[in-house]
Amino acid sequence: MSGWTFLGPAVLLLVVLGFVTFSILFERKVIGWMQARIGPNRVGPWGLLQTVADIFKLLVKEDTVPAKADRPLFKAAPVIAFVPSFVILAVIPFSEGLVFADIGVGLLYYIAVSSITTIGILAGGWASNNKYALLGAMRSVAQMISYEIPLVMSVAGVVMAAGSLNLTAIVEAQEKVWFIVPQIIGFAVFFTASLAELNRTPFDLPEAESELVAGYHVEYSGFRFAFFMLTEYVYVFAMAALTTVLFLGGWNPLFGLDFIPPILWFALKFGLIVFSLIWIRATLPRIRMDQLMQLGWKVLLPLALFNIFLSAILKEVLSGLY
Amino acid sequence: MDLAADYVTIVAFILIGLALPAASLTAGRWLRPHKPTASKAITYESGVDPTGDSRVQFNVRYYLFALLFVIFDVETVFLYPWAVAYDDLRADVGLFILVEMLIFVLFLVIGLIYAWKKKVLEWT
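Computed from a predicted structure; not experimentally measured.

**Thoughts on the layout of surface pockets**
To locate leftover empty space, one rolls a probe as large as a water molecule over the atoms.
Part 1 of the argument: A volume near 1,000 Å³ is recorded for the largest pocket.
Part 2 of the argument: For the largest pocket, the lining is made up of 39 residues, of which I24(A), T51(A), M229(A), L230(A) and Y233(A) are closest to its centre.
Part 3 of the argument: Secondary-structure elements contributing two or more residues to the lining of the largest pocket are helix 1 (3–34), helix 2 (50–59), helix 10 (222–247) and helix 11 (262–283) of chain A together with helix 1 (3–31) of chain B.
Part 4 of the argument: With eight residues, the top contributor of residues to the lining of the largest pocket is helix 10 of chain A.
Part 5 of the argument: Here the residues of the lining of the largest pocket sort into 21 nonpolar, seven polar and eleven charged.

Here is the structure:
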C-alpha cells in the first residue's frame, strides 16, 4: 500500500464534500423557487457560501452528551453511519476507466456495505436514551429494511440483462439501449425504494418533525449531528450515481452525441437524478407509517418479483436486441 | 489492476472514511466551547423533565417485519447468483432454469400472501 493508494480516495472525498456543500444550497434554492421564495441569498454572492457558514457554525457549537446516554456508542454512532456511505463510492464507475475498485461483485458490495448505516442509525437512537430518538430510529430501521427488499429485487432484472454484478460491465452492457427502457418497471420500483432508503420526502418519517421532533438525532448537536446530515447527502450522491450506472447507461452518450466527454454525460444524468429528488421533495407530502409499509410490501415487492420474470420473458422474445 | 489491489483500495477508502470524522471532531474540540451543566445533560423531552425509562416497550410489528425481511433477504442471496449465471444456465438446461426459479419464488409469495391475509402487513 503506497501513498498513491490514498490520493485517489482523498480527492474523491473532497469532491463529495464539495457536492454535499453545494447540493444542500441547490436544494434550498430550488425548493425556494418552487415555493415562490428566493432561498438563501445573504452569505456570499447569490448565497453561495450559506452551507459553508452553516458547517463552520456547527463546528464551533458545543457538543453535549446527555447524562443518561450510552457515551461510547453515542459517540461512535455517527462514524458507524458515515463510513459506509463513503466506502461504497469505491465501486462506482464514473467514467470509462475511472473506477477506484473494479471488483466483480460491485453491486452486491454496494448493497451489503450500505446497509451497515442502518446499524449506525439504530445505535444513535438507542444510545441517546431518548424516547423520540428511539422511536425515530426504530421507524428508520423498519423503513430501511422494508424498502431494501424491493430495491434489491428490482435490480435483479438489470443483473440478468447484463449477466454480471460488476458495475463497469453493467454500464458496458447498456451501449445499445439503456436499461431504463426494457427495465422500466424495475426502474420505477428502484427509484421509489431509493427515495425511501434515502429517508427523503415523501418517505422522511424517521425525521417527522411534527411528531418526533427530529427523529434518531434529537440528542445530537454540533459536528456529530453534522455527520448524520453528511451521511444523508453522501447517500444522495451514491444513490444518484448508482441509478445512473444501473438504469441510465452510466457514461454512454445518447443519440450518438459522443463529442461530449463521457464524464460529462455521467454528470448530466447524475444531476438529473439529484434534481428529481429535490423536485419530489417539493411536490409530495409525507405519507403515513401504515401507507409506507403497505406500499413497500404490497405494491413494490410484488412488482419487483413480477419484473424478474418479465425480464426473463423479454430476454426470450427479444434475444440479442439488448 | 489485479484483484488484491482493488481490495487494498477499499481498505484505503475505509481508512480515509474514518480519518475525516476523527480529524474534524478533534479539530472541533479545539474550537468549540465546553461548559457542561447538569441541565444541559438532561434528556430532551420537549422542555418537560423526562419521565420513566426511554427504552419503552415496542409494537411487536417491528419484529414481524424484521422476520419478513430476513426471509426475503435470504431469497436475494439465491436470486443474485441465478441472475448472473442466467445466460449460461439457459444455454445449458433450457427454460427449466426459469421454471425452477418461478417455483422457488412462488413458495415465498405464498408466505407473503399468508402474512398479508393474517394482516401482518397492516400497521394499525
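**Concerning the domain arrangement of chain A**
Residues and elements named next belong to chain A.
Part 1 of the argument: When the domains of chain A are assigned, the result is domain 1 (1–60) and domain 2 (63–320).
Part 2 of the argument: Inter-centroid distance (C-alpha atoms) of domain 1 to domain 2 is 20 Å.
Part 3 of the argument: Contacts between the two partners involve 18 residues from domain 1 and, on the opposite side, 22 residues from domain 2.
Part 4 of the argument: At the boundary of domain 1 with domain 2, total buried surface from both sides reaches about 1,800 Å², with 88% on carbon and sulfur atoms.
Part 5 of the argument: It is F19, E27 and L58 in domain 1 that bury the most area against domain 2; as a group they hold 31% of the surface buried on that side.

**Observations concerning helix 11 of chain A**
Along an α-helix, residues three or four apart share an orientation, since each turn contains 3.6 residues.
Part 1 of the argument: For helix 11 of chain A, spanning 22 residues, the distance from its first C-alpha to its last is 32 Å, which sits close to the expected 32 Å at 1.5 Å a residue.
Part 2 of the argument: If you check which residues of helix 11 of chain A are buried, you get W265(A), F266(A), K269(A), F270(A), I273(A), V274(A), S276(A), L277(A), I278(A) and I280(A).

**A short note on empty space enclosed by the protein**
Residue and element names in this part refer to chain A.
Part 1 of the argument: Counted according to the given criterion, the structure contains two cavities of 30 Å³ or more.
Part 2 of the argument: Each pocket or cavity is described by its volume, and for the largest cavity that value is around 200 Å³.
Part 3 of the argument: Considering the residues around the largest cavity, the lining is formed by 20 residues, among which S114, T117, M144, E197 and Y235 are closest to the centre.
Part 4 of the argument: Sorting the residues of the lining of the largest cavity by element identifies helix 4 (106–114), helix 5 (116–128), helix 6 (131–162) and helix 10 as the ones contributing at least two each.
Part 5 of the argument: Counted as a void, the second largest cavity has a volume near 40 Å³.
Part 6 of the argument: Taken together, S23, E27, R200, Y233, V236, V274, L277 and I278 make up the lining of the second largest cavity.
Part 7 of the argument: Only helix 1, helix 10 and helix 11 provide two or more residues apiece to the lining of the second largest cavity.

**Section: the packing of aromatic side chains**
All names here are of chain A.
Part 1 of the argument: Using the criterion set out here, one finds 24 aromatic pairs over all chains in the structure.
Part 2 of the argument: Centroid distance F74 to Y220: 4.1 Å. Interplanar angle 5°. Geometry classified as stacked. With F74 in helix 3 (residues 71–87) and Y220 in the loop between helix 9 (209–212) and helix 10, this pair connects stretches of sequence that are 146 residues apart. Neither residue differs from the other here; F74 and Y220 are each classed as buried.
Part 3 of the argument: The interplanar angle of 75° and the centroid separation of 5.7 Å between the aromatic rings of F94 and F266 together place this pair among those described as edge-to-face.

**Notes on the pattern of salt bridges**
Residue and element names in this part refer to chain A.
Part 1 of the argument: Following the criterion strictly, the structure yields eight salt bridges over all chains and no others.
Part 2 of the argument: Here E27 makes a salt bridge to R200, at a shortest N to O gap of 2.8 Å. Taken together, the residues E27 in helix 1 and R200 in the loop between helix 8 (184–197) and helix 9 connect sequence positions 173 residues apart. R200 shares its class with E27; the two are buried.
Part 3 of the argument: In the salt-bridge network here, residues are joined through shared partners; they are E27, R200 and R281.

**Digging into the interface of chain A and chain B**
Part 1 of the argument: Contact residues are listed per partner, giving 78 residues for chain A and 66 residues for chain B.
Part 2 of the argument: Between chain A and chain B, roughly 6,600 Å² of surface is buried when both sides are summed, and carbon and sulfur atoms account for 74% of that area.
Part 3 of the argument: One can count three salt bridges joining chain A with chain B.
Part 4 of the argument: Here R32(B) makes a salt bridge to D63(A), at a shortest N to O gap of 3.8 Å.
Part 5 of the argument: Run the count over chain A and chain B and you get eight residue pairs in polar contact (both at pLDDT 80 or more).
Part 6 of the argument: Every element with two or more residues in the side of chain A that touches chain B is listed here: helix 1, helix 3, helix 4, helix 5, helix 6, helix 10 and helix 12 (289–317) of chain A.
Part 7 of the argument: Here the side of chain A that touches chain B gets 17 residues from one element, more than from any other, and that element is helix 6 of chain A.
Part 8 of the argument: For the side of chain A that touches chain B, the per-class residue count stands at 56 nonpolar, eight polar and 14 charged.

**Describing the UniProt feature "transmembrane region" (unreviewed entry) in chain B**
All names here are of chain B.
Part 1 of the argument: The UniProt feature table records "transmembrane region" (unreviewed entry) at residues 6–27, 62–83 and 95–116.
Part 2 of the argument: Regarding residues 6–27, the helix share stands at 100% and the strand share at 0%, and the terminal C-alpha atoms are separated by 32 Å.
Part 3 of the argument: The span residues 62–83 shows a helical share of 100% and a strand share of 0%, and its end C-alpha atoms are spaced 31 Å apart.

**Some words on a negative patch on the surface**
Residue and element names in this part refer to chain A.
Part 1 of the argument: Together, E96, D102, E172 and E175 give the surface a local cluster of negative charge.
Part 2 of the argument: Among the structural elements, E175 can be located in the loop between helix 7 (167–172) and helix 8.
Part 3 of the argument: For E175, a relative accessible area of 60% translates into the label exposed.

**Quick look at the packing of helix 5 of chain A against helix 6 of chain A**
All names here are of chain A.
Part 1 of the argument: Closest axis-to-axis distance for the helix 5/helix 6 pair is 7 Å, and the angle between their directions is 160°. With respect to their mutual orientation, helix 5 and helix 6 come out roughly antiparallel. The two elements helix 5 and helix 6 cross, and the hand of that crossing is left-handed. Here helix 5 contributes T118, I121, L122, G125, W126 and S128 to the contact with helix 6, which in turn contributes A133, L134, A137, M138, S140, V141 and M144.
Part 2 of the argument: Along the lines of polarity and charge, the residues of the contact of helix 5 with helix 6 split into nine nonpolar, four polar and no charged.

**Observations concerning helix 4 of chain A**
Part 1 of the argument: When you tally the buried positions in helix 4 of chain A, you get seven out of nine residues, the bulk of the element.
Part 2 of the argument: G106(A), L107(A), Y109(A), Y110(A), I111(A), V113(A) and S114(A) are the residues of helix 4 of chain A that are buried.

Reading the values: rules and limits
- Residues numbered from 1 in each chain as written.
- Chains lettered and ligands numbered in written order.
- Predicted model: local features only at pLDDT ≥ 70, side-chain atom pairs only at ≥ 80, totals over all residues.
- Heavy atoms only, no water.
- 1 Å grid on protein atoms, 1.4 Å probe; cavity = no way out; pocket = protein on both sides within 12 Å on 5 of 7 lines; lining within 4 Å.
- Points joined across faces, edges and corners; volume = space filled by probe spheres on them.
- Helix = DSSP H or I, 4+ residues; strand = E, 2+ residues; numbered from the N terminus.
- Nonpolar A, V, L, I, M, F, W, Y, C, P; charged D, E, K, R; others polar.
- Domains from an automatic or database assignment.
- Contact = heavy atoms within 4.5 Å.
- Buried area = accessible area lost by both parts, 1.4 Å probe.
- Expected span 1.5 Å × (residues − 1).
- Buried < 20%, exposed > 50% of the residue type's maximum accessible area, 1.4 Å probe, protein only.
- Phe/Tyr/Trp six-rings, centres within 6.5 Å; stacked < 30°, edge-to-face > 60°.
- Salt bridge = Lys/Arg side-chain N within 4 Å of Asp/Glu carboxyl O.
- Polar contact = N/O pair within 3.5 Å; in protein donor to acceptor, adjacent residues only side chain to side chain.
- UniProt positions renumbered as here; feature names shortened; annotations may be inferred.
- Patch = residues over 30% accessible without salt bridge, like charges linked within 9 Å, V, L, I, M, F, W, Y side chains within 5 Å.
- Areas by Shrake-Rupley, 256 points an atom, 1.4 Å probe, with all protein chains shown as cover.
- Lys, Arg positive; Asp, Glu negative; His and termini not counted.
- Charge placed at Lys NZ, Arg CZ, Asp CG, Glu CD.
- Axes fitted to C-alpha atoms, helices over the stretch in contact; angles between N-to-C directions.
- Parallel < 35°, antiparallel > 145°, perpendicular 65-115°, else oblique.
- Left-handed = near helix turned anticlockwise from the far one by under 90°.

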